Amino acid sequence: MQKTGLFISFEGIDGSGKSTQARLLADHLTSQGYDVVLTREPGGSEGAEEIRALVLKGDPDRWSAETEILLFTAARRDHLERLIGPALAEDKIVICDRFADSTRLYQGLSRGHLRGIVDQLHNLMIGREPDLTFLIDMHPETSLQRALDRQGDEERFETFGADLQRRMRQGFLDLANEFAGRFRVIDGSHPIKDVAKAVSHVLSDELQRRNVSS
Ligand code: ADP
Ligand code: TYD
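Figured I'd write up the structure that's included with this text. Predicted model, so just to flag it, every value in this text is computed and none were measured.

**Things to note about the sheet that holds strand β3 (residues 93-97)**
Argument step 1. Strands sit in the order β2-β3-β1-β4-β5 across an open sheet of 5 strands; the sheet is parallel. Unpaired on one side and paired on the other, β2 (36-40) and β5 (183-187) mark the two borders of the sheet. The average undirected angle you get between the axes of adjacent strands in this sheet is 20 degrees.
Argument step 2. Two strands pair when backbone bridges link them, and strand β1 (residues 6-11) and β3 are joined in this way by 5 bridges, in the parallel orientation. Opposite L6, over in β3, you have I93 as the bridge partner.
Argument step 3. Against the sheet, helix α1 (residues 18-31) makes contact with β1, β2, β3 and β4 (132-137), and its axis sits at roughly 165 degrees relative to β3, the strand it touches most.
Argument step 4. Each of β1, β4 and β5 touches helix α7 (residues 162-178); the most contacted strand, β4, lies at about 150 degrees to it.

**Overview of the packing of α1 against helix α8 (residues 192-210)**
Argument step 1. Remark: α1 packs on α8, axes separated minimally by 10 Å, with the N-to-C direction vectors making an angle of 55 degrees. Compared by their axis directions, α1 and α8 come out oblique. Between α1 and α8 lies a crossing of right-handed hand. Of α8, the residues touching α1 (which contributes T20, Q21, L24, L25, H28 and L29) are I192, V195, A196, V199, S200, L203 and L207.
Argument step 2. Residue composition of the contact of α1 with α8, by class: 9 nonpolar, 4 polar and no charged.

**So, empty space enclosed by the protein**
Argument step 1. Enumeration over the complete set of coordinates arrives at 1 cavity of 30 Å³ or more.
Argument step 2. Looking at the lining of the largest cavity, the element that brings in the most residues is β4, giving 3 residues.
Argument step 3. Looking at the lining of the largest cavity residue by residue, the classes come out as 5 nonpolar, 1 polar and 2 charged.

**Topic: the packing of aromatic side chains**
Argument step 1. Counted according to the given criterion, the structure contains 3 aromatic pairs.
Argument step 2. For the ring pair F7 and F99, a centre distance of 4.9 Å and an interplane angle of 85 degrees mean the geometry is edge-to-face. On the criterion of sequence distance, the pair formed by F7 in strand β1 and F99 in the loop between β3 and α4 (100-106) is long-range, its members being 92 residues apart. The two residues F7 and F99 agree in class, both being buried.
Argument step 3. Judged by centre distance (6.2 Å) and plane angle (65 degrees), the ring pair of Y106 and F172 falls under edge-to-face. A residue pair is termed long-range when its members are at least 10 positions apart, and Y106 in helix α4 and F172 in helix α7 qualify at 66 residues.
Argument step 4. Using a relative accessible area of 5% as the deciding quantity, one classes Y106 as buried.
Argument step 5. Assessed through its relative accessible area of 1%, F172 is described here as buried.
Argument step 6. The ring of F99 carries R76 above its face, with NZ or CZ at 5.2 Å from the centroid.
Argument step 7. Lying over the aromatic face of F179, R182 brings its terminal NZ or CZ to 4.5 Å of the ring centre.

**Quick notes on the site of ligand 1**
Argument step 1. As a matter of local geometry, ligand 1 sits amid 14 residues, with G15, K18, S19, T20 and H190 nearest to it.
Argument step 2. S19 places a side-chain nitrogen or oxygen 2.4 Å from an oxygen atom of ligand 1.
Argument step 3. Within the backbone of H190, an N or O atom sits 2.8 Å from a nitrogen atom of ligand 1.
Argument step 4. Protein contact buries 73% of the 560 Å² of open area that ligand 1 shows by itself.
Argument step 5. The set of elements that each furnish at least two residues to the shell around ligand 1 consists of α1 and α6 (140-150).
Argument step 6. Looking at the shell around ligand 1, the element that brings in the most residues is α1, giving 3 residues.
Argument step 7. Residues that form the shell around ligand 1 fall into these classes: 3 nonpolar, 7 polar and 4 charged.

Rules used throughout
Residues numbered from 1 in each chain as written. Chains lettered and ligands numbered in written order. Predicted model: local features only at pLDDT ≥ 70, side-chain atom pairs only at ≥ 80, totals over all residues. Heavy atoms only, no water. Pairing = 2+ DSSP bridges. Helix = DSSP H or I, 4+ residues; strand = E, 2+ residues; numbered from the N terminus. Axes fitted to C-alpha atoms, helices over the stretch in contact; angles between N-to-C directions. Contact = heavy atoms within 4.5 Å. Parallel < 35°, antiparallel > 145°, perpendicular 65-115°, else oblique. Left-handed = near helix turned anticlockwise from the far one by under 90°. Nonpolar A, V, L, I, M, F, W, Y, C, P; charged D, E, K, R; others polar. 1 Å grid on protein atoms, 1.4 Å probe; cavity = no way out; pocket = protein on both sides within 12 Å on 5 of 7 lines; lining within 4 Å. Points joined across faces, edges and corners; volume = space filled by probe spheres on them. Phe/Tyr/Trp six-rings, centres within 6.5 Å; stacked < 30°, edge-to-face > 60°. Buried < 20%, exposed > 50% of the residue type's maximum accessible area, 1.4 Å probe, protein only. Lys NZ or Arg CZ within 6 Å of the ring centre and 35° of its normal. Near = heavy atom within 4 Å. Polar contact = N/O pair within 3.5 Å; in protein donor to acceptor, adjacent residues only side chain to side chain. Areas by Shrake-Rupley, 256 points an atom, 1.4 Å probe, with all protein chains shown as cover.

Here's what the structure looks like:
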């Protein structure tokens, strides 16, 4: 058995259950003796959390789509340098709630056709994809309601309504096809514990396939 770092991301529309499932998977793996780092984007490091506040609070039209791409990528670069990279180098399992696929969709698709710019900047400044990405696929109306029910002060795409959520859902499914090697699509419409079972099943297979031990 080898012990190597594994980089896992969770993606999906707002309110799909990503954060819940990322936390449950982290708890599950920790209880099995794995060394796990649970983190999120935008954020995850001190500087990136400051950028998070800049992009998620206040007027949604504060930044142009191009400036948002720069801000999310700057946050990601800091996160990678200070937390994700070092943790992987120490053979930990990193579980990240959203990563670059979110920028591909939210900045690349929702506010124009900027996917090319997102990918160019990603290649230049990040140059790394997760080893495994769980897409928690959910009905847009349900997830939008869940997201709105949380009523935090970090509103962003929730406020743009159901139509955008529908386009985002399809966009994520298209990304899952584009990067079929690392994406695993999970049906998020079941009760929390059933979704968690589906996620940990896929992960056990993956750990076995990669011959990774705790
Ligand atoms: P996301 O991180 O994708 O925005 P969260 O994990 O924060 O989503 O979940 C949004 C809300 O929906 C939370 O209140 C959470 O408790 C609830 N929730 C998550 N998964 C489910 C599920 N499978 N069934 C019902 N409610 C859920
Ligand atoms: P998150 O905290 O994951 O929100 P939620 O729990 O509602 O899914 O992300 C906050 C918002 O940031 C979300 O609306 C998606 C957006 N976002 C981008 O627009 N681009 C990005 O690169 C990332 C990581 C997130």
